[in-house]
Amino acid sequence: MDLHANLVCIEFILQVPANLSKPKKKWHSVFTAIYCSRTFLSLVIKSPTPRLITKPMPRSLSHVSLSVIPEKSPFQIDQTTLIELVKHKNIERLQKHDGVDGVASALGTDTKVGISGNAEDIACRHEAYGSNTYKKPPTKGFFHFVVEAFKDLTIMILLGCAALSLGFGIKEHGPKEGWYDGGSIFVAVFLVIAVSAISNYRQNRQFDKLSKVSDNIQIDVVRGGRRQQISIFDIVVGDIVCLKIGDQVPADGLFLDGHSLSVDESSMTGESDHVEVNRTQNPFLFSGTKVADGYARMLVTSVGMNTTWGQMMSQISRDANEQTPLQARLNKLTSSIGKVGLAVAFLVLVVLLVRYFTGNTTDENGNQEFIRGKTKADDIVNAVVGIVAAAVTIVVVAIPEGLPLAVTLTLAYSMKRMMADQAMVRKLPACETMGSATTICTDKTGTLTLNQMKVTKFWLGQVPMEEGASSISPFLVDLIHHGVALNTTGSVYRASSGTEFEFSGSPTEKAILSWAVQEMKMDMEKMKKSCAVLQVEAFNSQKKRSGVLMGKNDDDTVHVHWKGAAEMILAMCSSYYDASGIVKDLNDKERMEFELIIQGMAASSLRCIAFAHKQVSEEEYEVLKEKKKLKEERLTLLGLVGIKDPCRPGVKKAVEDCQYAGVNIKMITGDNVFTARAIATECGILSPGEEMLNDVVVEGEEFRNYTPQERMEKVEKIRVMARSSPFDKLLMVQCLKQKGHVVAVTGDGTNDAPALKEADIGLSMGIQGTEVAKESSDIVILDDNFASVATVLRWGRCVYTNIQKFIQFQLTVNVAALCINFVAAVSAGEVPLTAVQLLWANLIMDTLGALALATERPTEELMEKPPVGRTEPLITNIMWRNLLAQALYQIAVLLTLQFSGESIFGVTEKVNDTLIFNTFVLCQVFNEFNARKLEKKNVFKGIQKNKLFMGIIAITIVLQVVMVEFLKRFADTERLDWGQWGACIAIAAMSWPIGWAVKFIPVPEKPIFSYLKWRK
């Protein structure tokens, strides 16, 4: 046997990992040589030769320096065996390894205290079995986005025009002079492509970062006897992981111990039925599956790429290209505007071609450009290319490519900022949908309250106990100890007798354990050793209780202990213990007394938990064992505890902010109606006087039993729903949506998943939330605080408003540019704004404008307006009023310059065209300020806080000066003197007083286009 074991170790050592560096390989070889020689020597030592026994082998220097690698092989089982064991659910093979305990022993894991967890041990395990990370598919590089940008149809047409223009220009004027027209279009097009590619690339990178954060789940493990939380990426083979309802199984492994564990393997197998996992028939657990019920400890056998889940995940890349509803609406708007632009461009093309071929156009010297039979073919082609380029450029200006870019920028910017404000966006559409939310259904525990629970009241019988364990009968104290120590998913850890206790588990469990250990002097280890757990019914939010069937080791008696919501446990009891330990009957009068005690605690905002107990006879135990159920009736009430969970500071202000913004707040809680009412009043959800109204506060069962018609009538009035199940929450969400509300729901439990999915915006809790809840949600509230929900609402509105600002700004430019070019082309036969100039204006509007307006921070005035409905148009009457006023002013001024500018300023045609171009661009710069506020007259409020906006304005002005004064040939401009610059600025600055005056004009609330539909 020893020989076989040693040979297995040698074989294991000889497998040199391929990923070892050269120096490490050398050390590995040295160690192998020493180990093998010692092994063979140890076999020889077994023969009875006294001389060999008395003389120990001297340690070589090389062996002393190898402190990292132990003298014996650290692990007696290889990775392939472990993978095969779990992957094929091979129970026979597991038995050959002496079951789960044998595998744990082979992995150097103590099933009680876990692995040691020191750096040396972790490094050794990493080297032998790998880390818990997956190989991701390569992310899309910058070049991919450049290629995508090139695929745009208008860009392709422009590039074609630029190539033709370049070719004919060089042919006509030579390489030195002829490249300007075509070359400048090329440069402008490449600028547009570069900006588009950079913004898309950055957004993609941000999604990658977000997925890394959302994948970094915290897992409970036992290391060195201490239960602690570590990142899922830090789990190693041999770790003992603690699992509870709603957890994601972080790696492949084997069931060590636990109760009622059932797992949802649908992510792996597609089967919706839950699989029961236990020590005997099915101890196999797979990475990526979810715990549906019960709790357990598992031994990790494979991590990362060695798990089936890891191999699946390495093939999947998260798609960042999901379209938000707003993006879909904007794409529709973009295509509508594009069609108008195409029609105008086609008309301009036809008019210019007709004017050219009928001899109505002249060149720079005043000569007729086209004379039938005399004009060279090259000149004709050159002229036609110029006309086509002008028409295409009109299309470029008409199509607001900046709209999708603006949405991308504003969503990406708000996602980044929301992360800093403790909200992690998992699904982009939620950002903007939150701005339209009309109702928020919120949990109580941990969201409105701090989730820092502490037992502040303890009743034994009908007497409040103040002095802890000293004044209570020892028999009763012992029962309470058993009821707490064995009926819990939490744990107690103490490094040594002088140190503080560490409690782990849910906040309620921690509060009860802390009270039992510190007030009631409970010894958790002693309790666990004195009893054996026979059966467990785990807590879930529907039953609101948990129970345990246990056998005492000293007298072989069987007892059942229950713990849970006080009125639920009270209903299961027929007797109670008084303070001296005497059992008394629980008649109707006594029951009423207890109900009053529970109501009194609840009215003080305490969560009331009751303990009950019953000794079970042998016959009863056999029946329960067969039914796999616990005794649920004729129990004896042990005692009541009141747990205080104080309201979060700032929650009342956040609730008031939401209500002021026209958003209804509804509290849905599992607590009883008195606790719910007290907390709702404290948080401002109920105003004084409202709490006693019947329609405002209801219980889940009452709501469930309404007829559908009654539910629809009453659902809007309800502010608080107590003793609710996850089904009641789902029912409320469905009713509110049917009534036309945009509903946001907060949830943390596994059972909240249906409501989170059904809601328009699902908000899960980052600290208390289970993995199932997080996966069903759209946004994760990282600090579990309701104030962060109010912040998300503010950001949602900000996203929507920022995009509206940009649409107003963009459409003003589109309308003005289209009208000017069309009128000038039809009447004068030429386009005042050249292809390069229009592309430059497009770049300012689309990219720099989007960046400036999309990054405005949320303001308080956003919360002064009612929510935006589902069907409200994107372009409101207010926006139409603002943009038409500015567009009409720009058209009037620029057409005046087109037809009378030369005589007004006494300049040449070339300088006049530059004046038109300069005025047009400066009008957009000034109008960018107007776009900052859609309704407020003071457009400069808070501008000093937005440094990015001011920076972009400065960059735009500097670049415009460079275009006009220094890039004469590239931009086809002439230099302007100070007077001409002053005139351009004065004309453009007039848009400020016009923007201010226009806001006095009232607009109807009903959308303009709805009148047109009505008339039809």
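Before any of the text, the structure's been laid out above.
Cut-offs used in this document
Residues numbered from 1 in each chain as written. Predicted model: local features only at pLDDT ≥ 70, side-chain atom pairs only at ≥ 80, totals over all residues. Heavy atoms only, no water. Pairing = 2+ DSSP bridges. Helix = DSSP H or I, 4+ residues; strand = E, 2+ residues; numbered from the N terminus. Axes fitted to C-alpha atoms, helices over the stretch in contact; angles between N-to-C directions. Contact = heavy atoms within 4.5 Å. Core = buried A, V, L, I, M, F, W, Y, C linked by side-chain atoms within 4.5 Å. Buried < 20%, exposed > 50% of the residue type's maximum accessible area, 1.4 Å probe, protein only. Salt bridge = Lys/Arg side-chain N within 4 Å of Asp/Glu carboxyl O. Bend = angle between axes of the 7 residues up to and from the residue. Patch = residues over 30% accessible without salt bridge, like charges linked within 9 Å, V, L, I, M, F, W, Y side chains within 5 Å. Areas by Shrake-Rupley, 256 points an atom, 1.4 Å probe, with all protein chains shown as cover. Lys, Arg positive; Asp, Glu negative; His and termini not counted. Charge placed at Lys NZ, Arg CZ, Asp CG, Glu CD. Phe/Tyr/Trp six-rings, centres within 6.5 Å; stacked < 30°, edge-to-face > 60°. Lys NZ or Arg CZ within 6 Å of the ring centre and 35° of its normal.

S.K.: Run through the sheet that holds strand S23 (residues 720-722), naming residues and quoting values.
M.R.: Spatially, 8 strands are ordered S8-S26-S25-S24-S9-S21-S23-S22 in an open sheet, and the strand pairing comes out mixed. Here the strands that pair on one side only, and so sit at the sheet edges, are strand S8 (423-425) and strand S22 (697-699). Here the strands of the sheet are splayed against their neighbours by 20° on average, with no regard to which way each runs. Of the strands in this sheet, strand S21 (664-668), S22 and S23 are in contact with helix H25 (residues 673-683), which crosses S23 at around 150°. Packed on one face of the sheet, helix H28 (residues 726-738) meets strand S9 (439-442), S21, S23 and strand S24 (743-747) and runs near 170° to S24.

S.K.: Talk me through the nonpolar core; I want residue IDs and the actual numbers.
M.R.: The biggest cluster of nonpolar side chains holds 81 residues, and the ones touching the most others in it are Met434, Ile440, Ile761, Ile779, Phe786 and Ile807. Considering each element in turn, this core owes the most residues, 14 residues, to helix H31 (residues 786-828). Leu159, Val813, Ala841 and Phe920 belong to the second largest nonpolar core, which has 51 residues in total.

S.K.: Describe in detail the environment of serine 262, supporting the description with residues and values.
M.R.: The residue serine 262 is located in strand S4 (residues 252-264) in this model. The exposure class assigned to serine 262 is buried, which follows from its relative accessible area of 15%. The spatial distance from the C-alpha of serine 262 to the C-alpha of isoleucine 245 is 9.0 Å, given a sequence separation of 17 residues.

S.K.: Hey, could you go over the pattern of salt bridges for me, with residue numbers and the actual values?
M.R.: In total, this model carries 27 salt bridges according to the counting rule given. Aspartate 121 is the salt-bridge partner of arginine 125, the closest N and O atoms lying 3.0 Å from each other. Here arginine 125 pairs with aspartate 121, and both are found in helix H8 (residues 119-129), just 4 residues apart, close to one helical turn. A single burial state applies to arginine 125 and to aspartate 121, both of which are buried.

S.K.: How would you sum up the environment of leucine 256? Please name residues and give values.
M.R.: Note that leucine 256 resides in strand S4. Accessibility expressed as a relative area gives 3% for leucine 256, which makes it buried. As for leucine 256 and proline 283, which are separated by 27 residues in sequence, their C-alpha atoms are 7.8 Å apart. With residues near it in sequence (within four places) discarded, leucine 256 still touches Val100, Asp101, Thr111, Ile240, Arg279, Arg297, Met298 and Leu299.

S.K.: Give me the lowdown on the pairing of S21, citing residues and values where you can.
M.R.: When you tally the buried positions in S21, you get 4 out of 5 residues, the bulk of the element. Looking at chain direction, S9 and S21 are connected through 4 bridges and run parallel. Each bridged residue has a counterpart across the sheet, and for cysteine 441 the counterpart in S21 is lysine 666. Here S21 pairs with S23 via 2 bridges, running parallel. In the sheet register, isoleucine 668 faces S23, and the bridge partner there is methionine 721.

S.K.: Summarise helix H33 (residues 877-905); cite the residues concerned and give the values.
M.R.: The largest bend along H33 reaches roughly 70° and is located at phenylalanine 899. Just downstream of H33, glycine 906 is the residue with a positive phi angle, here 65°.

S.K.: Outline a positive patch on the surface, listing residues and values.
M.R.: Where like charges cluster on the molecular surface, the positive patch consists of Arg202, Arg205, Lys209, Lys212, Lys416, Arg417 and Arg857. Breaking the positive patch down by element, the ones donating at least two residues are helix H11 (180-215) and helix H16 (402-420). Here the positive patch gets 4 residues from one element, more than from any other, and that element is H11. Mapped onto the secondary structure, arginine 205 falls in helix H11. Among the residues examined, arginine 205 registers a relative accessible area of 43% and is labelled partly exposed.

S.K.: Got a sec to walk through the side chain of serine 764? Specific residues and values, please.
M.R.: Tracing the sequence through the fold places serine 764 in strand S25 (residues 761-765). A relative accessible area of 0% places serine 764 in the buried class. Beyond its immediate stretch of four places on either side in the chain, serine 764 contacts Gly747, Ala773, Lys774, Ser777, Ile779, Val780 and Ile781.

S.K.: With reference to specific residues and values, describe the packing of aromatic side chains.
M.R.: What the rule picks out here adds up to 19 aromatic pairs. Seen in terms of ring centroids, tyrosine 413 and tryptophan 795 are 6.3 Å apart; in terms of plane orientation they differ by 70°. Their pairing is edge-to-face. Placement of tyrosine 413 in helix H16 and of tryptophan 795 in helix H31 is noted, with a sequence separation of 382 residues between them. Of the residues examined, tyrosine 413 reaches a relative accessible area of 18% and is grouped as buried. The exposure class assigned to tryptophan 795 is buried, which follows from its relative accessible area of 2%. On the numbers, 6.2 Å between centres and 25° between planes, the contact of phenylalanine 501 with phenylalanine 503 is stacked. On the basis of relative accessible area, phenylalanine 501 is assigned to the partly exposed category, the value being 29%. What links up through ring pairs into an aromatic cluster is the set Phe926, Phe929, Phe940, Phe949 and Trp992. It is lysine 937 that lies over the ring of phenylalanine 1000; its NZ or CZ is 4.6 Å from the centre.

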